[in-house]
Structure formats: C-alpha cells, structure tokens
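Chains, contacts and geometry: an overview
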Amino acid sequence: MASLSFKHIYKKFPGGVTAVSDFSLEVKDKEFIIFVGPSGCGKTTTLRMIAGLEEITEGELFIGDRLVNDIAPKDRDIAMVFQNYALYPHMTVFDNMAFGLKLRKTPKEEIKRRVEEAARILDITHLLDRRPKALSGGQKQRVALGRAIVREPKVFLLDEPLSNLDAKLRAQMRTELTKIHKRLGTTFVYVTHDQVEAMTMATRIVVMKDGLIQQVDTPQNLYDSPCNVFVAGFIGTPQMNFINCKLVQKGNDLFVNFGEHTSLKLPAEKAADPALRDFISKDVIIGIRPECLHDDPAYLAKFPDSTFEADIEVTELMGAEIYQYMVCEEQNLIARVSNRSTARPGDKVKIIVDANRIHIFDKDTERCIVH
C-alpha cells in the first residue's frame, strides 16, 4: 500500500489560469481522504495530477517513496473510478473488469480469481455475464469499482463516483464504499462537492476554495473548529448562521450586539479568551449552528442572557426535527428544533442560543478568533 506526499504543488493552465496553488499535504497509508469544495475549486484537477492525467506545473508528488511527476499514468500503480463509470458497452461485466489485467498480460487463472473475488466483495457475481445497458446506475457503479479493485493498486482515486445515483442509492453506496475501504486496507482519495459524503466517509477532509487548501482535519474537528467563515459555512446542514455583530464589554462581561435591540452574553470561559481582547468595540461575525438555536423554554435556565425574539417565516417538517426559517433584526436565521415544536409561520418566538457553541470570526479576514 502507499502514502501520498504533495510538496508545494501548482497547476497553471495556458492563459494564466492557476487552478491549484501551493498544495502541500501528507496522506497516510490506508487513509480515506476526501477533497471537498465548490465547483471550480481545483479538487478534480488535483486528483487528475495524482493519476497523471494532468501535468504538474510546479512542486513534487510522491506515491510512497517514489517521485511520480514524470511517470506515465499506467506505471503509477493507481486506479481511478470516474463519475460516468466509463464502461465498455460491448463487453460483459466480467470482461469490463478483466480488461486492464488482460492488457498487462496477466495469466487467465489469475484474472478469473481476481474478478470473482472483486465481484464477491461487491455482491455482483450474478451480473458477470450482463452488458452495461442491462445494469442500473448502482450496478454500473459497482462494476466500475470492481474494475479498479482487480488491479490491486496502491491508491484508489474516485472522482464524484456517486453523483449520478438517486438519493437512497447514494446513501447505500456511501456505506458500501466505507466497508470496501476497510476490507481492502488501501489508500482512497475521493473527490466530491457533497459535504454529507465527506462527513460520513472520510478519515480526514481537505476543504478547498479557489485552488487553495482552507483546512485539513477530521470530520468532527472541521465541524466543531472551522478555521474560517468559508469552512464553517460549507460543512454542516443546514448551513451555519452568520450574524454581523459588535463585540462590547460591560464590566467584566462580554456581549455581542446586533441590530438595535439584540444582545447575547458570552459565557465567562469564552469571554476570558485573550484572543478576544483586540476585538472589543469592533465589528465581528458570529457563527451559530442551527441546532444551537432552541425554542424550548427548558433551555432558558441554562442561557438566560442569550435570547432574542424572532418572527417565524417558514417551517419544514423533516420527520425527526423541524427547520425553522426566521428573521431577527433583519437577519435571516435557521433553527433546527424538535419535531414537538408548536411554532408556526407568522408566530413571534423567543429563541434561546447555546452560547457555549458560538463561533466568533474576524470580520476583515474571516479567520476564526474563538470557537
């Protein structure tokens, strides 16, 4: 198996377009690492540079201990699963999976063993004699994975492999991919714009924007401790609420004020953080996740100084919970509350904020000051 090492990688296209800038990252052996970010952020370009399908403009890329900048794709010991499956329509599933091995002059018995083993892992043994047009989207996805598995590569590269599947099948395949990764014990590098895929499957996530790495961390750490406004807003569903505020000191206490009448008191532990000293009486951005806004009066005893009134505009029943879309001081906010909530559109409600989980960002740089 193999680790990956990116050392100050750049990708510049003709015309002066820089798709990837100063990309440095160490991927450990057997990791499931996911590149996530909006369209055009450079994640697929980075994946294609690993595969050798795009030339590296500057920097060094190592697979294991081997520098691969000038090594042909076929000699890199990687396998790539494409978004559109890229199956040969005139070949059976068996032949599609075996094709790469036949090109390498692998003995027939070894090809048969590897294809049958991969088919067993993916539960597609009964499909080996079919052609792609007789397969569903999920089955085609498994065949594309099987074609990669039989090569027994050091690194698997997956480019948005679930994006063509319906929601239910996508959720199933997420679980299957996680199981396959554990069973194979191989390094997976996966590209997606879907942060739910990233949060549920990755051992670590690389969040990208405009060709630059924003943050690399475990899913939980990204969620709890985003380094800036972009990461905080990109990770989490529904998106984090952002409010422009002023940080104000009253005696020994710190408050964040927004609008004309709304003030939230920061807990003593958060207010004591020395990083906030330079921002007193300045504009900041606070971030509050929807699940940290409560309309249940039971929370009032915990956070009596962190409440505001809001007008409910829309409610969405999601089954186990309700999303409330509300307005306070001309700020649009979303709360994720219990399905027992009785608040309805048009109601004015008292919202209690879990002040321990307020994030405070520098308004100018958008970097996080305090989590």
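See above for the structure.
These notes cover the structure that comes with them. Here the residue numbers are simple positions, counted from 1 along each chain's written sequence. A pLDDT threshold of at least 70 governs which residues receive local features in this predicted model, and a stricter bar of 80 or more applies before side-chain atom pairs are shown or counted, although totals over entire chains, interfaces and linings include all residues. Just so you know, side-chain values use all the structure's heavy atoms and leave hydrogens and water out.

**Focus on the sheet that holds strand β16 (residues 307–317)**
Judged by pairing direction, the sheet is antiparallel, and its five strands sit side by side in the order β15-β19-β16-β17-β18 without closing on themselves. Strand pairing shows two members of the sheet lacking a second neighbour, β15 (293–294) and β18 (331–338), which therefore form its edges. Note on pairing: two strands pair once DSSP finds at least 2 bridges between them. By definition, any uninterrupted DSSP run of H or I lasting at least four residues is a helix, any uninterrupted run of E lasting at least two residues is a strand, and each is numbered from the N terminus. One ladder, built from eight bridges, connects strand β17 (residues 321–328) with β18; its direction is antiparallel. The residue of β18 that forms the bridge with valine 327 is asparagine 332.

**Some thoughts on the environment of histidine 294**
With respect to the helices and strands, the residue histidine 294 is situated in strand β15. Of the residues examined, histidine 294 reaches a relative accessible area of 12% and is grouped as buried. The spatial distance from the C-alpha of histidine 294 to the C-alpha of isoleucine 351 is 5.5 Å, given a sequence separation of 57 residues. Filtering out sequence-adjacent residues up to four positions away, histidine 294 remains in contact with Tyr299, Lys350, Ile351, Ile352 and Asp354. Buried, partly exposed and exposed residues are distinguished by accessible area as a fraction of the type maximum, computed with a 1.4 Å probe on protein chains only: under 20%, between the cut-offs, and over 50%, respectively. Working rule for contacts: check all heavy atoms of both residues, and any pair within 4.5 Å makes them a contact.

**Describing the environment of leucine 300**
Within the secondary structure, leucine 300 sits in the loop between β15 and β16. When the C-alpha atoms of leucine 300 and lysine 112 are compared, they prove to be 66 Å apart, with 188 residues separating the residues in sequence. If we skip the residues at most four places from it in the chain, leucine 300 touches Thr307, Lys350 and Ile352.

**Observations concerning the packing of helix α2 (residues 93–103) against helix α3 (residues 108–122)**
Packing of α2 against α3 leaves a shortest axis separation of 10 Å and a crossing angle of 135 degrees. Classed by the angle they form, the pair α2 and α3 counts as oblique. Of the two elements, α2 crosses α3, and the hand of that crossing is right-handed. Listed contacts from α3 to Phe94, Met97, Ala98, Leu101 and Lys102 of α2 are Ile111, Lys112, Arg114, Val115, Ala118 and Ala119. Only Asp, Glu, Lys and Arg are considered charged, only Ala, Val, Leu, Ile, Met, Phe, Trp, Tyr, Cys and Pro nonpolar, and every remaining residue, Gly among them, polar. The residue makeup of the contact of α2 with α3, split by class, is eight nonpolar, no polar and three charged. For helices, the axis comes from a line fit to the C-alpha atoms of the stretch in contact; other axes are also lines fit to C-alpha atoms, and the angle between any two N-to-C directions lies between 0 and 180 degrees. In what follows, roughly perpendicular refers to angles from 65 to 115 degrees, roughly parallel to angles under 35, roughly antiparallel to angles over 145, and oblique to any angle outside these ranges. For a crossing to be left-handed, the near helix must be turned anticlockwise from the far one by less than a right angle; the clockwise case is right-handed.

**Describing the environment of aspartate 29**
Along the polypeptide, aspartate 29 turns up in the loop between β2 (17–27) and β3 (32–36). By relative accessible area, which is 37% here, aspartate 29 ends up partly exposed.

**Observations concerning α2**
Counting along an α-helix, one turn takes 3.6 residues, and residues three or four places apart therefore face a common direction. For α2, the full list of buried residues reads Val93, Asn96, Met97, Ala98 and Leu101. Those residues of α2 that are buried lie in contact with α3 and α4 (137–149). Note on α2: the residue one or two positions beyond its end, lysine 105, has a positive phi of about 60 degrees.

**Digging into the side chain of threonine 262**
Structurally, threonine 262 is set in strand β13 (residues 262–265). Any pair of nitrogen or oxygen atoms within 3.5 Å is treated as a polar contact; in protein, a donor-acceptor pairing is required on top of that, and neighbouring residues in sequence qualify only through side-chain atoms on both sides. Within the structure, threonine 262 has its side chain in polar contact with the side chain of glutamate 329 (distance 3.0 Å). Apart from the residues lying within four places of it in its own chain, the contact partners of threonine 262 are Val256, Asn257, Phe308, Cys328 and Glu329.

**A few points about the pairing of β3**
For β3, a buried count of five out of five residues is recorded, marking the element as mostly surrounded by other parts of the structure. A two-sided burial pattern is seen for β3, the buried positions comprising Phe32, Ile34 and Val36 on one face and Ile33 and Phe35 on the other. Taken together, the four bridges between β3 and strand β9 (residues 204–209) define a ladder with parallel strand orientation. Within the sheet, the bridge partner assigned to valine 36 lies in β9 and is valine 207.

**A closer look at the side chain of aspartate 159**
Tracing the backbone through its elements, the reader meets aspartate 159 in strand β7 (residues 155–159). Within this scheme the basic residues Lys and Arg register as positive and the acidic residues Asp and Glu register as negative, but His and the chain ends are omitted. Only one rule defines a salt bridge in this text: a Lys or Arg side-chain nitrogen within 4 Å of an Asp or Glu carboxyl oxygen. Buried and without a salt bridge, aspartate 159 has arginine 48 as its closest oppositely charged side chain, separated by 6.2 Å. Here the side chain of aspartate 159 touches threonine 44 through a polar contact of 3.3 Å, side chain to side chain. The residues contacting aspartate 159, other than those within four sequence positions of it, are Thr44, Leu47, Met80, Val81, Phe82, Gln83 and Val191.

**Section: the nonpolar core**
Side chains of a nonpolar character, in soluble globular proteins, are inclined to be buried together. The biggest cluster of nonpolar side chains holds 48 residues, and the ones touching the most others in it are Met97, Leu145, Leu158, Leu177, Tyr190 and Val207. The dominant element in this core, judged by the number of residues it contributes, is α3, at six residues. Apart from the residues within four sequence positions on either side, tyrosine 190 is in contact with Phe32, Ile33, Ile34, Phe35, Leu158, Pro161, Leu162, Leu177, Glu197 and Met201. Only buried residues count toward a nonpolar core. Its members are Ala, Val, Leu, Ile, Met, Phe, Trp, Tyr and Cys residues joined through side-chain atoms within 4.5 Å.

**Here we look at helix α5 (residues 167–184)**
Each residue after the first adds 1.5 Å to the expected span of a helix. Spanning 18 residues, α5 covers 26 Å between terminal C-alpha atoms, matching the ideal 26 Å at 1.5 Å per step. Residues of α5 that are buried include every one of Met173, Arg174, Leu177, Thr178, Ile180 and His181, and no others. Across the axial projection of α5, the buried residues extend over an arc of 165 degrees, all falling on one side. Of the residues in α5, the exposed ones pointing more than 90 degrees away from the buried face are Lys168 and Lys182. Tucked inside the fold, the buried residues of α5 contact β3, α3, α4, β7, β8 (187–192) and α6 (195–201). With a side-chain oxygen positioned 3.2 Å from the backbone nitrogen of lysine 168, the residue opening α5 is aspartate 166. After α5 finishes, the residue glycine 185 shows a positive phi value of roughly 60 degrees. Note that the arc is defined by the directions from the helix axis to the C-beta atoms.

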